[in-house]
Amino acid sequence: MTSTIESPVLRTNFEKSVAEYWNTNRIDPVNLRLGEVDDLYHHHYGVGEPDLSVLEGPADTRDERIIAELHRLESAQADLLLDHLGPIQPHHKLLDGGSGRGGTSIMANRRFGCEVDGVSISEYQVGFANEQAAKRKVADKVRFHFRNMLESKLETGSRQAIWTNETTMYVDLQDLYREFARLLTFGGRYVCITGCANDVTGLRSKSVSRINEHYTCDIHPRSAYFRALADNGLVPINVIDLTAATIPYWELRAKSSVATGIEEPFLTAYKEGSFHYLMIVADRI
Ligand SMILES: C[S@@+](CC[C@H](N)C(=O)[O-])C[C@H]1O[C@@H](n2cnc3c(N)ncnc32)[C@H](O)[C@@H]1O
């Protein structure tokens, strides 16, 4: 009988501290309060024009209105990502790399009727997301795993599409795209929404460093994405700069009770041009 030694999910001290952040930040009110609006839990930011009338009207319900509006913009961001996955059929399988509390995966299954696997290095988040899938009676099709997206343990060539929604700043891009190239079928699609640093303005700005420090992440420069994609047979078909579309979300969030203090570095970084909010769409060749 042969036995194989499984590598641990958390392989480095950095990954342990990222997991620790997501395991212990479970009481951070922003994401839970927004998720409670319709039971779709996101850990990403929003895009689109906010309805600023939420700032007016009765003071005692002002916060509720702002929260519902922020949540609407976050779901709009996930919808935009899903719009770019290509013609997904119910028999296809998708991967949500760094799936958080599972909101985007649930939306993908609802839209395409297909199977979705989500992986996260936060055991707490995986449990939370699986409970959501069970509650919605889609646990047979939407599954979350306590796994590392750099070593997903999913079958080679099994994925028609993969996305990462604000997760690539936690990993080495060459390692990530090597794994995604293995998992995607020929002609399969990869969609990434991420914040990245602007190579043109030079090395990391103070605001970008503050964001890194706040989230225990390592924001990559824009160039690193295209290099790593090309090196791993992932060919961009669409690159959309969402920076202007996300600024109004941050301005609204800064006015709400769920503001965490990180709004100001984001707004400064976007407005000074040292940071972009990008969607990159690529095909596996
Ligand atoms: C900002 S959250 C985004 C969550 C989700 N994509 C969303 O849009 O709601 C970052 C996520 O990346 C996950 N993550 C970070 N490094 C990872 C890795 N190496 N493998 C799998 N997940 C990872 C974290 O556990 C967390 O769930």
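See above for the structure.
Okay, so let's go over this structure. Quantities reported herein were computed from a predicted structural model and do not represent experimental measurements.

## Remarks on the overall build of the protein chain
- Assigned secondary structure in the protein chain consists of ten helices and seven strands.
- Expressed as lengths along the three principal axes of its C-alpha atoms, the size of the protein chain is roughly 70 × 45 × 40 Å.
- For the protein chain, with 285 residues in total, the buried portion stands at 41%.
- Taking the intrachain contacts of the protein chain between residues at least 6 apart in sequence as the baseline, contacts between residues at least 24 apart amount to 78%.

## Considerations on the packing of helix 3 (residues 62-83) against helix 9 (residues 243-254)
- At a minimum axis distance of 10 Å, the contact between helix 3 and helix 9 shows a crossing angle of 155 degrees. The angle between helix 3 and helix 9 falls in the class roughly antiparallel. The interaxial crossing formed by helix 3 with helix 9 has left-handed handedness. Here I66, E69, L70 and L73 of helix 3 come into contact with helix 9, specifically with Y249, L252 and R253.
- Partitioning the contact of helix 3 with helix 9 into residue classes produces five nonpolar, no polar and two charged.

## Quick look at the nonpolar core
- Of all hydrophobic cores here, the largest spans 65 residues; its most connected members are I162, Y190 and V191.
- Setting aside residues no more than four positions away along its own chain, V191 makes contact with L81, H84, L85, W163, M279 and V281.

## Quick look at the environment of L183
- As for its position among the elements, L183 is in helix 6 (residues 173-183).
- In this structure L183 comes out as buried when scored by C-beta crowding, with 22 C-beta atoms within 10 Å.
- Considered as a pair, L183 and R284 are 101 residues apart in the sequence and their alpha carbons are 9.8 Å apart.
- In contact with L183, not counting residues within four places along its chain, are L95, S152, L154, T156, S158, R159 and I162.

## Concerning helix 10 (residues 263-272)
- Every buried residue belonging to helix 10 is among P265, F266 and A269, and all of these are buried. On an axial view of helix 10, the arc spanned by its buried residues comes to 100 degrees, and they lie on one face.
- Tucked inside the fold, the buried residues of helix 10 contact helix 7 (206-215), helix 9 and strand 7 (275-284).
- Of the residues flanking the end of helix 10, it is G273, one or two places downstream, whose phi is positive at about 85 degrees.

## Quick word on the site of the ligand
- Near the ligand you find 24 residues, and of these H44, G98, G100, N165 and Y170 are the closest.
- Only helix 1 (13-24), helix 4 (103-112) and strand 2 (115-120) provide two or more residues apiece to the shell around the ligand.
- With three residues, the top contributor of residues to the shell around the ligand is helix 1.
- For the shell around the ligand, the residue count by class is eight nonpolar, 14 polar and two charged.

Parameters and conventions
- For every chain, the first residue of the written sequence is number 1, and numbering continues from 1 along that sequence.
- With pLDDT at 70 or above as the cut-off, local features in this predicted model cover only qualifying residues; side-chain atom pairs require 80 or more to be listed or tallied, and sums for whole chains, interfaces and linings still use all residues.
- Secondary structure elements follow DSSP: runs of H or I of four or more residues count as helices, runs of E of two or more count as strands, with numbering from the N terminus.
- Residue burial here comes from a neighbour count, namely the number of other C-beta atoms, placed from the backbone, that lie within 10 Å of the residue's own C-beta, with 20 or more meaning buried, 12 or fewer meaning exposed, and in between meaning partly exposed.
- Think of it this way: build a C-beta for each residue from its backbone, and any pair within 7 Å is a contact.
- Axis definition: a line fitted to C-alpha atoms, limited for helices to the stretch in contact. Angles are taken between N-to-C directions and run from 0 to 180 degrees.
- Roughly parallel covers angles under 35 degrees, roughly antiparallel covers those over 145, roughly perpendicular covers 65 to 115, and oblique covers all other angles.
- When the near helix sits turned anticlockwise from the far one by under a right angle, the crossing is termed left-handed; a clockwise turn instead gives a right-handed crossing.
- Three classes are used: nonpolar for Ala, Val, Leu, Ile, Met, Phe, Trp, Tyr, Cys and Pro, charged for Asp, Glu, Lys and Arg, and polar for all others, with Gly counted as polar.
- Among buried residues, those of type Ala, Val, Leu, Ile, Met, Phe, Trp, Tyr and Cys that are joined through C-beta atoms within 7 Å form a set called a nonpolar core.
- Here, the arc refers to the directions that run from the helix axis to the C-beta atoms.
- Whether a residue is near a molecule or strand depends on its C-beta atom, generated from backbone atoms, being within 6 Å of that molecule or strand.

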